[in-house]
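Tertiary structure, described
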Amino acid sequence: MSKVLFLSGSAAMALAVMLGAFGAHALRGRLDPDMLETFTTGVTYHFYHALGLLILGIAAQYLPESPWLRWSGWLMGAGIVLFSGSLYLMAFTGARWLGAVTPIGGMAFILAWLLFFGAVWKGM
């Protein structure tokens with residue numbers, strides 16, 4: 001499990017860096033300021049939770065059999081896709097209805113961190 005979390009976390013970090021650079025260099029002046037801010041929020045949370053996946057990878061070295069930790073990783077990945085992904089798509093398309101998806105990703109983030117808390121509380 002640790003290897004999968006490290007691989008997914010490092011891939012998510014690389015993607016976050018690429019998207020952040022793309023936003024800073026290619027989108028400035030092409031998106032209106034509100035949509036650029038929306039994109040930037042997506043990148044910010046993408047970074048935080050990619051780091052979260054790496055933290056989970058470290059924790060998995062100590063708790064390799066924890067189902068709570070495994071679910072935390074899945075939910076953190078889902079949160080990146082749903083939360084950040086919906087913001088990226090909204091920024092590019094202007095489809096504000098995608099904002100209804102964003103809180104689902106936010107809930108996935110919250111549950112992921114609570115499961116991480118539970119895994120550490122229970123396992124250490």
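Each remark here, short or long, concerns the structure printed above.
What comes next concerns the included structure. (Residues numbered from 1 in each chain as written. Predicted model: local features only at pLDDT ≥ 70, side-chain atom pairs only at ≥ 80, totals over all residues. Heavy atoms only, no water.)

**What to know about the nonpolar core**
- Ranked by internal contacts, the top residues of the largest apolar core, which has 32 residues, are Leu31, Phe39, Leu53, Leu56 and Leu69.
- For Phe39, the contacting residues outside a window of four places in its chain are Leu19, Phe22, Gly23, Leu27, Tyr88, Ala91 and Phe92. (Core = buried A, V, L, I, M, F, W, Y, C linked by side-chain atoms within 4.5 Å. Buried < 20%, exposed > 50% of the residue type's maximum accessible area, 1.4 Å probe, protein only. Contact = heavy atoms within 4.5 Å.)

**Quick notes on the layout of surface pockets**
- Reported here for the largest pocket is a volume of approximately 250 Å³.
- If you go around the largest pocket, the residues you meet are Met1, Val4, Leu5, Ser8, Ala12, Leu53, Leu69, Arg70, Gly73, Trp74, Gly77 and Ile80.
- Counting residues per element, the ones that place at least two in the lining of the largest pocket are helix H1 (2-27) and helix H3 (67-93).
- Considering each element in turn, the lining of the largest pocket owes the most residues, six residues, to H3.
- For the lining of the largest pocket, a count of residues per class yields eight nonpolar, three polar and one charged. (1 Å grid on protein atoms, 1.4 Å probe; cavity = no way out; pocket = protein on both sides within 12 Å on 5 of 7 lines; lining within 4 Å. Points joined across faces, edges and corners; volume = space filled by probe spheres on them. Helix = DSSP H or I, 4+ residues; strand = E, 2+ residues; numbered from the N terminus. Nonpolar A, V, L, I, M, F, W, Y, C, P; charged D, E, K, R; others polar.)

Take it as geometry only, folks, not as evidence of what the structure does.
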